[in-house]
Amino acid sequence: MKRIQELMKELEPRLVEFRRDLHMHPELSMKEFRTTERVREALTEAGIEILDLGTEVGVVGLIRGATEGPTIALRGDIDALPIHEENDVPYRSKTDGVMHACGHDVHTTSLLGAGLILNELKETLKGNVKLIFQPAEEINEGARLLIDHGVMENPRVDAVFGLHTTPDYPAGQVAVKSGGLMAAVDTIRIEVKGVGGHGAIPDSTIDPVVAACSMVSNLQSIVSRNISPLDSVVVSIGTINAGIANNVIPEVVKLTGTARSFEPSIREKLPEMVKRVIDNSVQAFGATASLEYIYHLPPVYNNESLVDLATEVVEEICGKGSAMDPRPSMGGEDFALYMEKAPGFFYWLGTGNKEKGYTHKWHNPRYNTDEKALPIGSGVLALSAIKALERF
Ligand code: NI
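These numbers were taken from a predicted model, which means no experiment stands behind them.

Chemist: Even after reading the chapter, I still don't get the overall build of the protein chain, so can you show me in this structure?
Modeler: Helix and strand counts for the protein chain stand at 9 helices and 16 strands. Rg of the C-alpha trace for the protein chain: 24 Å, near the compact-globule value of 21 Å for 392 residues, within the 12% margin. The C-alpha extent of the protein chain, read off along each of the three principal axes, is 80 × 45 × 45 Å. Looking at the protein chain residue by residue over its 392 residues, the buried ones come to 53%. Taking contacts inside the protein chain between residues at least 6 apart in sequence as the whole, the part at least 24 apart equals 81%. Summed over its atoms, the accessible surface of the protein chain is roughly 16,900 Å², and 50% of this surface lies on carbon and sulfur atoms. When the 39 basic and 54 acidic side-chain charges of the protein chain are each reduced to a single mean position, those positions are 3 Å apart.

Pasting the structure below:
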């Protein structure tokens, strides 16, 4: 433990420099070419083996311990967002309209730091550690891509850990939640069909606009009347498209939305509830509706058996009382897909700093990070791997 603390301290200036370089050169999902190259260079320089999964972006490193044993994966996502940075800092994004506004520069750097720490300690490791630098989290594609390319096999991953920054806690605190931390993400696509005609002669039409408006209001009754007030669900319609002229009643209205939930049993029932509401709502007007309900991402559901390990990790790295019990988020994370393949745990790493004004939420153009969190993120991931190697 003392050695990890020493390495965290030793690595800090390098981690700050690495993070600032990434922050200045953010790249959108599936276009993380420079970031991929920078990570490759750093791993190669440290003598860490790189596994070739055959993807253009993203990097997977492998540290083989001194003795045979399980394989623990650590994951950090590397992509940025189409947001124009409004921070006035020396390391401001040099690419107009693209910004690390979700802290993935911090995740990449923390994972690199963990890799460098574990590489120093590899003679003492009882198994392997895989370092997964994942592209395209923001578009929910990166985890699926790497899993399809075999990232959880050869060697087979026995447990997986990851983290996300949070401005809600200061550097030095880390959120440790048992069970549901981030919601399941599902996509709704609806088409309401009527009969078009003249806006002045509605009686000769079946107006899909009126039917759709009623349907959207009724959809809110799923959360308020069909789900227990003690459970968390969201059904939001985000787009409505219909018509081209003010005096024409259109034939079709197209709507899209998102549904969020935590409990698998509730998630399973949602398509049926949505279908019932949309069918009956539009039938009242004589229209018909079709539904496409796409299960995108399962929830980030922290494995109960790893909560004690995670709490120990945080207390050993940051001190007693630094493991916080957070309110979950209805936001999603494709880390959930790794958790379908192996037991997993996802932390929220405190990166907020009120004095410095680092209080802005995820995806805000003024999002920023207290860099004191960089060695902490590295230490938390490294120690998670070490403890998990002893357990699995
Ligand atoms: Ni993010």
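Let us keep going from here.
Chemist: Even after reading the chapter, I still don't get unusual backbone geometry, so can you show me in this structure?
Modeler: Excluding glycine, residues mostly have negative phi values, and the peptide bonds linking residues are mostly trans. For the bond running from N154 to P155, omega is -10 degrees, close enough to zero to count as cis. Here P155 lies in the loop between α4 (142-148) and β5 (159-170). The phi angle at M30 is positive, at roughly 70 degrees, despite the residue not being glycine. By relative accessible area, M30 is classed as partly exposed at 31%.

Chemist: Mind showing me how you'd approach the packing of helix α5 (residues 208-226) against helix α6 (residues 264-283) here?
Modeler: Describing two packed helices takes the angle between their axes plus the distance from one axis to the other. Contact geometry for α5 and α6: axes closest at 9 Å, N-to-C directions at 140 degrees. Note that α5 runs across α6; the crossing there is right-handed. Where α5 approaches α6, its residues A211, M215, N218, L219, I222 and N226 are matched on the opposing element by L270, M273, V274, R276, V277, I278, S281 and V282. By residue class, the composition of the contact of α5 with α6 is 10 nonpolar, 3 polar and 1 charged.

Chemist: I would appreciate a short explanation of the coordination of the nickel ion in the present structure.
Modeler: A four-donor tetrahedral metal ideally has 109.5 degree angles, and a six-donor octahedral metal ideally has angles of 90 or 180 degrees. Bound to the nickel ion are the protein donor atoms C102 (SG), H104 (NE2) and H164 (NE2), situated 2.2 to 2.3 Å from the metal. Counting along the primary sequence, the residues that act as donors to the nickel ion give the motif C-x1-H-x59-H. Of the two residues, C102 sits in the loop between β3 (71-77) and α3 (104-120) while H164 sits in strand β5, which places them 62 residues apart along the sequence. With respect to class, C102 is no different from H164; both count as buried.

About the criteria used
Within every chain, residues take consecutive numbers counted from 1 along the sequence as written. Only residues with pLDDT of at least 70 get local features here, since the model is predicted, and only at 80 or more are side-chain atom pairs given and counted; chain-wide, interface and lining totals rely on the full set of residues. Where side-chain values are given, they derive from all heavy atoms of the structure, hydrogens and water being excluded. Numbering of helices and strands starts at the N terminus; helices are DSSP runs of H or I of at least 4 residues and strands are runs of E of at least 2. Based on C-alpha atoms, the radius of gyration is set beside the globule rule, defined as 2.2 Å times the residue count to the power 0.38. Only protein chains enter the accessibility calculation, which uses a 1.4 Å probe. A residue is then buried if its area is under 20% of the maximum for its type, exposed if over 50%, and partly exposed in between. A contact between two residues is defined here by any heavy atoms of the two lying within 4.5 Å. Per-residue accessibility takes into account occlusion by the displayed protein chains alone, with areas from the Shrake-Rupley method and a 1.4 Å probe. The charge count includes Lys and Arg as positive and Asp and Glu as negative, but it does not include His or the ends of the chains. Throughout, a charge is located at the NZ atom of Lys, the CZ atom of Arg, the CG atom of Asp or the CD atom of Glu. To get an axis, a line is fitted to the C-alpha atoms, and for a helix only the part in contact is used. The angle between two axes follows their N-to-C directions and goes from 0 to 180 degrees. Two helices cross in a left-handed way if the nearer one is turned anticlockwise from the farther one by less than a right angle. They cross in a right-handed way if the turn is clockwise. Basically, the charged four are Asp, Glu, Lys and Arg, the nonpolar ten are Ala, Val, Leu, Ile, Met, Phe, Trp, Tyr, Cys and Pro, and anything else, Gly included, counts as polar. Ligating atoms shown are N, O and S within 2.8 Å of the metal, or 3.2 Å for Na, K and Ca, and water is not included, meaning a site may look less than complete.

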